[in-house]
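Chains, contacts and geometry: an overview
For reference, the chains in residue letters:
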Amino acid sequence: MSYSIKVFKKASDVITNRRLAAENEQARNHQECVTISPEISVLEKEMAQCALDAPKAIGMKNNADEFIKNLMGKNLSAQKRIREILSELNLPSDYLEVKYFCKDCKDTGFVDGKMCECLKDCMKKISFEEMSDKLPVKSSTFDSFDLSYYPTEKDFETGFIPRERMQVIFNYCQSYAEDFSKNSDNILFYGETGLGKTHLSLAIAGKVSEKGYGVVYGSAQNLMNSLENEKFGKSNSDVSAEQSILNCDLLIIDDLGAEFSTHFTISALYNIINTRLLENKPVIISTNLTPAEMENRYSRRITSRIYGNYKYLIFCGKDIRQLKDSY
Ligand SMILES: [Zn+2]
């Protein structure tokens, strides 16, 4: 998953602030203890002196081992005495240690020159927050999905009872989000406008992001625009749209078929579908195009990949947005 420099900087600031907060807390605790018990200061100086004296052993011929042993003994007894003092003060034995948020990288964001998981998690959260600002992710959750808008009478076009059908789809989407992994299934949501495809896609996006995965969500039009701008050098974003779209943990393409279709968008779409399929990376597509319309609009090599490798979910019912407006 690649992120923009802006997201990286924001995440680095979060990590730095965590480190400063942990160090400040330690400094306060230390000051407090030394004020109550000045002996701690003396013991700490002894320990520091041991560390300074240790290299002297290098020049010694016979008694270097004994010298080191003696220093270690002094050090250990100073540590023991500090723990005793803390215990007398009813404080935990690690009270004077810096309590880092992440023990792996000590809140530096890096371990052995590689990005620590805590920094990656932080970037995922920030990029999702940025996405949430632009999309109604917070209001489109599984909890706010209302099945009562779906009729209980059979829909003659599809042969389904919409409410029952949507309950099945809802359950599937909820389990999908809860059990999400980097190799989860691909899904195709098909149905008329206003049947809840966007709501359920956003609910999945929200839940999967919450779990710490990198999600890219966009309408087909917006995703294509960002690829086109990047390709023709018109992008003023520091995010690589193509890298994000191809490499994110979950890609959600909303409203496929509503975009302005050109040779460029068709070949870009093929590249996305094919690359992610080869790399086993999940995609969720929603569309109101029938299979025939889809094949008519896109090449057969795109549609055969979608219908052969995506779980096909047919949404049914009446336009929820119209129903909601009439209340
Ligand atoms: Zn870390």
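Residues numbered from 1 in each chain as written. Predicted model: local features only at pLDDT ≥ 70, side-chain atom pairs only at ≥ 80, totals over all residues.

Considerations on the overall build of the protein chain
To keep it simple, the criterion reads: Secondary structure elements follow DSSP: runs of H or I no shorter than four residues count as helices, runs of E no shorter than two count as strands, and numbering proceeds from the N terminus. It is over C-alpha atoms that the radius of gyration is taken, and the globule rule equals 2.2 Å times the number of residues to the power 0.38. Note on burial: count the other C-beta atoms lying within 10 Å of the residue's C-beta; 20 or more is buried, 12 or fewer is exposed, in between is partly exposed, and C-beta positions come from the backbone. What counts as a contact is two residues whose backbone-derived C-beta atoms lie within 7 Å of each other.
From N to C terminus, the protein chain includes 12 helices and seven strands. Its C-alpha atoms give the protein chain a radius of gyration of 29 Å, more than 25% over the compact-globule value 20 Å for 327 residues. Its C-alpha atoms give the protein chain principal-axis dimensions of about 95 × 45 × 35 Å. Across the 327 residues in the protein chain, those meeting the buried criterion constitute 29%. Sequence separation of 24 or more characterises 78% of the internal contacts of the protein chain that already satisfy a separation of 6 or more.

A short note on the packing of helix α2 (residues 39-53) against helix α3 (residues 64-88)
Filter applied, for reference: Angles here are taken between N-to-C directions and fall from 0 to 180 degrees, while the axes themselves are lines fitted to C-alpha atoms, restricted in helices to the stretch in contact. An angle below 35 degrees is read as roughly parallel, one above 145 as roughly antiparallel, one from 65 to 115 as roughly perpendicular, and any other as oblique. Crossing chirality is assigned from the near helix's rotation relative to the far helix, an anticlockwise turn below a right angle marking it left-handed and a clockwise turn marking it right-handed. Charged means Asp, Glu, Lys or Arg here, nonpolar means Ala, Val, Leu, Ile, Met, Phe, Trp, Tyr, Cys or Pro, and polar covers whatever is left, Gly included.
In contact at an axis separation of 9 Å, α2 and α3 are set at 160° when each is read in the N-to-C sense. Considering their axes alone, α2 and α3 lie roughly antiparallel with respect to each other. Where α2 crosses over α3, the two elements pack in a sense that is left-handed. Counted together, E39, I40, L43, E46, M47, C50 and D53 of α2 and L71, K74, N75, A78, R81, I82 and I85 of α3 form the full contact between these two elements. Of the residues that constitute the contact of α2 with α3, the class distribution is eight nonpolar, one polar and five charged.

Let's talk about helix α1 (residues 5-36)
This is how it is decided: Given a helix with a known number of residues, its expected span is that number minus one, times 1.5 Å.
When the terminal C-alpha atoms of α1 are compared, their 46 Å separation across 32 residues agrees well with the 46 Å that a helix rising 1.5 Å per residue should span. Within α1, burial applies to V7, A11, I15 and C33.

Quick word on the pairing of strand β5 (residues 250-256)
To be explicit about the condition: What makes two strands pair is DSSP finding at least two bridges between them. By definition, the crossover connecting two strands over a helix is right-handed if that path, from the first strand to the second, turns clockwise as seen with the strands pointing away from the viewer.
Where burial is concerned, most of β5 is hidden: seven out of the seven residues are buried. As defined by bridge partners, strand β4 (residues 215-219) adjoins β5 across five bridges and the pair is classed as parallel. Residue pairing for β5: Y217 is matched across the bridge by I252. Direction of pairing for β5 relative to strand β6 (residues 283-287): parallel, over a ladder of four bridges. Its bridge partner being in β6, L251 is matched across the sheet by V283. Handedness of the crossover joining β5 and β6 through helix α9 (residues 263-278): right-handed.

A look at the confidence of the model for the protein chain
Formally: A residue's pLDDT is simply how confident the predictor is in it, with values from 0 to 100.
Confidence along the protein chain averages 88 in pLDDT terms, with 93% of residues attaining 70 or more. Looking across the protein chain, the model is least confident in helix α12 (residues 320-325), with a mean pLDDT of 60, and most confident in β6, with 97.

Focus on the packing of α9 against helix α11 (residues 300-309)
Two elements in contact, α9 and α11, have axes whose closest approach is 10 Å; the angle formed by their N-to-C orientations is 35°. Crossing of α9 over α11 shows left-handed handedness. Side by side, α9 and α11 meet where L269, Y270, I273, N274 and L277 of the first sit next to R301, I302, R305, I306 and N309 of the second. Per-class residue counts for the contact of α9 with α11 are six nonpolar, two polar and two charged.

Points about helix α5 (residues 162-178)
Here is the rule we go by: The reported arc concerns the directions from the helix axis to the C-beta atoms and nothing else.
Its 17 residues place the ends of α5 24 Å apart at the C-alpha level, agreeing with the 24 Å of an ideal helix rising 1.5 Å per residue. Regarding α5, the residues found buried are P162, R165, M166, I169, C173, Y176 and A177. Along the axis of α5, the buried residues cluster in a sector spanning 100°; they form a single face. Exposed and oriented more than 90 degrees from the buried face of α5 are V168, N171, S175 and E178. Looking at the buried residues of α5, the elements they touch are α6 (197-210) and β7 (310-314).

A short note on the environment of G257
Residue position: G257 is located in the loop between β5 and α9. Residue G257 is classed as partly exposed on the basis of its 16 C-beta neighbours within 10 Å. Measuring from C-alpha to C-alpha, the distance between G257 and M294 comes to 7.7 Å, with 37 residues separating the pair along the chain. Ignoring anything within four residues of it in the chain, the contact list for G257 reads T287, N288, L289 and R297.

A word on the sheet that holds β7
Pairing is parallel across the open sheet formed by five strands, whose spatial order is β4-β5-β6-β3-β7. One side of each edge strand has no neighbouring strand; the edge strands of this open sheet are β4 and β7. Strand-to-strand, the axes of this sheet are offset by a mean angle of 15°, without reference to chain direction. Running over the sheet, α11 touches β3 (186-190), β6 and β7 and is turned about 80° from β7.

Examining the nonpolar core
Applied cut-off: Think of a nonpolar core as buried Ala, Val, Leu, Ile, Met, Phe, Trp, Tyr and Cys residues chained together by C-beta atoms that fall within 7 Å.
Core analysis: the biggest nonpolar cluster contains 51 residues, and I204 and V215 have the highest contact counts within it. Here the element with the most residues in this core is α6; it accounts for six residues. Beyond its immediate stretch of four places on either side in the chain, V215 contacts F128, A205, V208, S209, C248, D249, L250 and I252. Grouped together as the second largest cluster of nonpolar side chains are 10 residues, I15, C105, C118 and M123 included.

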